[in-house]
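As a plain string of letters, each chain reads:
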Amino acid sequence: MEAATSSRILPQINFNQNSTLLRSEAKLISACLNSSQNSISNSKRNLVARGLSMSPLVQEGFVGRTFCSAGVCTYPAGAIESHSDIAEERIGVILLNLGGPDTLHDVQPFLFNLFADPDIIRLPRLFGFLQRPLAQLISVLRAPKSKEGYAAIGGGSPLRKITDEQASAIKMALQAKEVPANVYVAMRYWHPFTEEAVHQIKRDRITKLVVLPLYPQYSISTTGSSIRVLRDMFMNDAYLSRVPVAIIQSWYQREGYIKSMSDLIEKELQTFPKPEEAMIFFSAHGVPVSYVENAGDPYKDQMEDCIFLIMQELKSRGIFNDHTLAYQSRVGPVQWLKPYTDEVLIELGKQGVKSLLAVPVSFVSEHIETLEEIDMEYRELALESGVVHWGRVPALNCTSSFITDMADAVIEALPSAMAISTPNATTEEAENDLLGYGIKLAFGSILAFILLLFPRVISAFKNYIV
Ligand SMILES: C=CC1=C(C)c2cc3[nH]c(cc4nc(cc5[nH]c(cc1n2)c(C)c5CCC(=O)O)C(CCC(=O)O)=C4C)c(C)c3C=C
Ligand SMILES: [Fe+2]
């Protein structure tokens, strides 16, 4: 794999010169994001240092409860209860997505929801009470800039419409494969919220559920956050905690996805006067470096692996264009994953690159960061920097090969669905636990007493062992 632009690492950004964020807002976010760096456990650090990404669900407190393999998580045998007594299976698929403001009026409350998420602004537990006041402040400060962006793309986010269309398309693809299912949309920060989807799932008496995040790569800030919210709802509900669930954590490595992305790239390259000369410029949404380096977020590794797989597929088709990966959409002055898209564009222009094909790679729908940031801001910057031919690969949206692959992913995950059997202890269970603990304590004390008082008993035991 060509090292992801390691030869093009650029100088650190100076906030005063380049950041598009308001200074006061930036300071606030900086303080919040930096503070989270101190609360990372050594075990996580060791794993990361050894190059082993900790399972994201383990980081989220699923320790001892989950088995994760091949991107699908289920619950261990001891904690499950089968639904074999259910005569009629009603399959549900829940699509997890970020959500976006439908109108300009929604922008500030949407931003509030985003910044109030402890997986976006990661405060130490002790300062958790500050999360909502901070979110209020930051959302009010950022709203004008965000509104400008949403105004430029028609006055709101297209995410809800596209995600609804993807849900209908996946439902139809499942139907065509003779797996009838209801498909629900659960947005993290705007309507339809996760609560609304979960309400419908209960209303429809779903008996088996597949959780499918619409993010190809896993990040604590996206898939991780949505699964945490969903898990809390399921654990605290008598019905839902018994519904078998399969969670697909990430799916960037699926052949169907890699081929669909390659198809789009191959097609768009043909629009260049000399297709073989265009540089393929993968632009992924960034995350703060601390997520990867301190919290063990597998996002960067998965992103690089994803680019490698796409380039391998293109090579197998005889496409040998140069490529590079950079990260966009940083918020605040903390270090985000590098290299930054804007800096790389300027550098490539300086190096004399004339043709660039931008490929958004961290998200499967058109949204503000493709329609405004890439198509407007980055296009303009690239052209100013000397690039002559600029193109952009569209998001997958409802591309049929992609939708078929998502349906296949659901079908493959179904057999591993298992229930969380009321893991939140009821009062009765808690009392039983206490009783059990008391019995063990009393028994242990009596045993210790006997062993201490009667050394002969010990030697008798020894005789049995040795
Ligand atoms: C894989 C995708 C995404 C990651 C990772 C991610 C992390 C992340 N985002 C913010 C802050 C903002 N994100 C915003 C919008 C937004 N983000 C994603 C995807 C990822 N975010 C999408 C798809 C969208 C927008 C959707 C739409 O409405 O079209 C915004 C709001 C827009 C803006 O003001 O720029 C903010 C703010 C952080 C801090 C973060 C990781 C910690
Ligand atoms: Fe984002």
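Each chain has its residues counted from 1, running along the sequence as written. All chains are assigned letters beginning at A, and all ligands numbers beginning at 1, according to the order in which they are written. Per-residue local features of the predicted model are confined to residues with pLDDT of at least 70, and side-chain atom pairs are confined, for both listing and counting, to 80 or more; whole-chain, interface and lining totals are unaffected and use all residues. Working from all heavy atoms in the structure, the side-chain values ignore hydrogens and water.

In the annotation of an unreviewed UniProt entry, the protein is listed under the name Ferrochelatase and assigned to Perilla frutescens var. hirtella. UniProt positions are given in the numbering used here, feature names are shortened, and annotations may be inferred rather than shown by experiment. The record held by UniProt for the protein lists under Catalytic activity (unreviewed entry) the comment "heme b + 2 H(+) = protoporphyrin IX + Fe(2+)". Quoted straight from UniProt, the Pathway (unreviewed entry) entry for the protein says "Porphyrin-containing compound metabolism; protoheme biosynthesis; protoheme from protoporphyrin-IX: step 1/1."

Let us look at the overall build of the protein. Helix and strand labels come from DSSP, where a helix needs a run of H or I of at least four residues and a strand needs a run of E of at least two; each type is numbered from the N terminus. In terms of regular secondary structure, the protein is built from 17 helices and ten strands. Partly exposed residues are those whose accessible area sits between 20% and 50% of the maximum for their type, while under 20% is buried and over 50% is exposed, using a 1.4 Å probe and protein chains only. Taken across its 466 residues, the protein has 52% of its residues classed as buried. By definition, residues are in contact when any of their heavy atoms lie within 4.5 Å. Sequence separation of at least 24 residues holds for 81% of the intrachain contacts in the protein that already meet a minimum separation of 6.

What follows concerns the pairing of strand S7 (residues 279–285). Residues in a regular strand project their side chains so that they alternate between the two faces of the sheet. Across the seven residues of S7, six count as buried, placing the element largely inside the fold. Strands qualify as paired when DSSP identifies two bridges or more between them. For S7 and strand S9 (residues 355–360), the ladder comprises five bridges, and the chain directions are parallel. Residue Ser283 lies in a different strand from S9, and its bridge partner there is Pro360. Pairing geometry for S7 and strand S8 (residues 323–328), over six bridges, is parallel. Across the sheet, the residue bridging to Ala284 is Tyr327, located in S8.

Now for empty space enclosed by the protein. Grid points spaced at 1 Å and placed over the protein atoms alone form the basis of the search, with a cavity being a set where a 1.4 Å probe fits but cannot get out and a pocket an open set showing protein on both sides within 12 Å along at least five of seven lines. Lining residues have an atom within 4 Å of a point. Grid points are joined across faces, edges and corners, and a volume is the space filled by probe spheres set on the points. Overall, the coordinates contain two cavities of 30 Å³ or more when judged by the stated rule. Approximately 60 Å³ is the volume found for the second largest cavity. Lining the second largest cavity, in full, are Ser283, His285, Gln328, Pro360, Val361, Ser362, Phe363, His367, Glu369, Thr370 and Ile374. For the lining of the second largest cavity, the elements supplying multiple residues, two or more each, are S7 and helix H14 (368–384). Top element by residues in the lining of the second largest cavity is H14. It accounts for three residues. Amino acid classes used here: Ala, Val, Leu, Ile, Met, Phe, Trp, Tyr, Cys and Pro are nonpolar; Asp, Glu, Lys and Arg are charged; the rest, including Gly, are polar. Here the residues of the lining of the second largest cavity are counted per class, giving four nonpolar, six polar and one charged.

Attention now goes to the packing of helix H6 (residues 131–152) against H14. When two helices pack together, their arrangement is given by the angle between their axes and by how far apart the axes lie. Where helices are involved, their axes are fitted lines through C-alpha atoms of the stretch in contact, as for all axes, and angles between N-to-C directions lie from 0 to 180°. Packing of H6 against H14 leaves a shortest axis separation of 9 Å and a crossing angle of 90°. Classified by the interaxial angle, the pair formed by H6 and H14 is roughly perpendicular. Along its contact with H6, which presents Ser146, Gly149, Tyr150 and Ala152, the element H14 presents Ile368, Glu372 and Met376. Partitioned by chemical class, the residues of the contact of H6 with H14 number four nonpolar, two polar and one charged. In this scheme, roughly parallel covers angles under 35 degrees and roughly antiparallel covers those over 145, while 65 to 115 is roughly perpendicular and the rest are oblique.

The nearness test applies per residue and asks whether one of its heavy atoms lies within 4 Å of the molecule or strand. The immediate surroundings of ligand 1 are formed by 28 residues, with Arg142, Ser146, Tyr150, His285 and Ile368 found nearest. Here an oxygen atom of ligand 1 and a side-chain polar atom of Tyr150 are 2.5 Å apart. Using a 1.4 Å probe, accessible areas were evaluated by the Shrake-Rupley method; residue-level cover was limited to the displayed protein chains. Taken by itself ligand 1 offers 800 Å² of open surface, and the protein chains cover 97% of this. For the shell around ligand 1, the elements supplying multiple residues, two or more each, are helix H5 (107–115), H6, helix H9 (220–235) and H14. With four residues, the single largest contributor to the shell around ligand 1 is H5. Taken together, the residues that form the shell around ligand 1 break down as 18 nonpolar, eight polar and two charged. As used in this structure description, the phrase polar contact means that two N or O atoms lie within 3.5 Å; if the pair is within protein, one of them must be able to donate a hydrogen and the other to accept it, and residues adjacent in sequence are counted only when both atoms belong to side chains.

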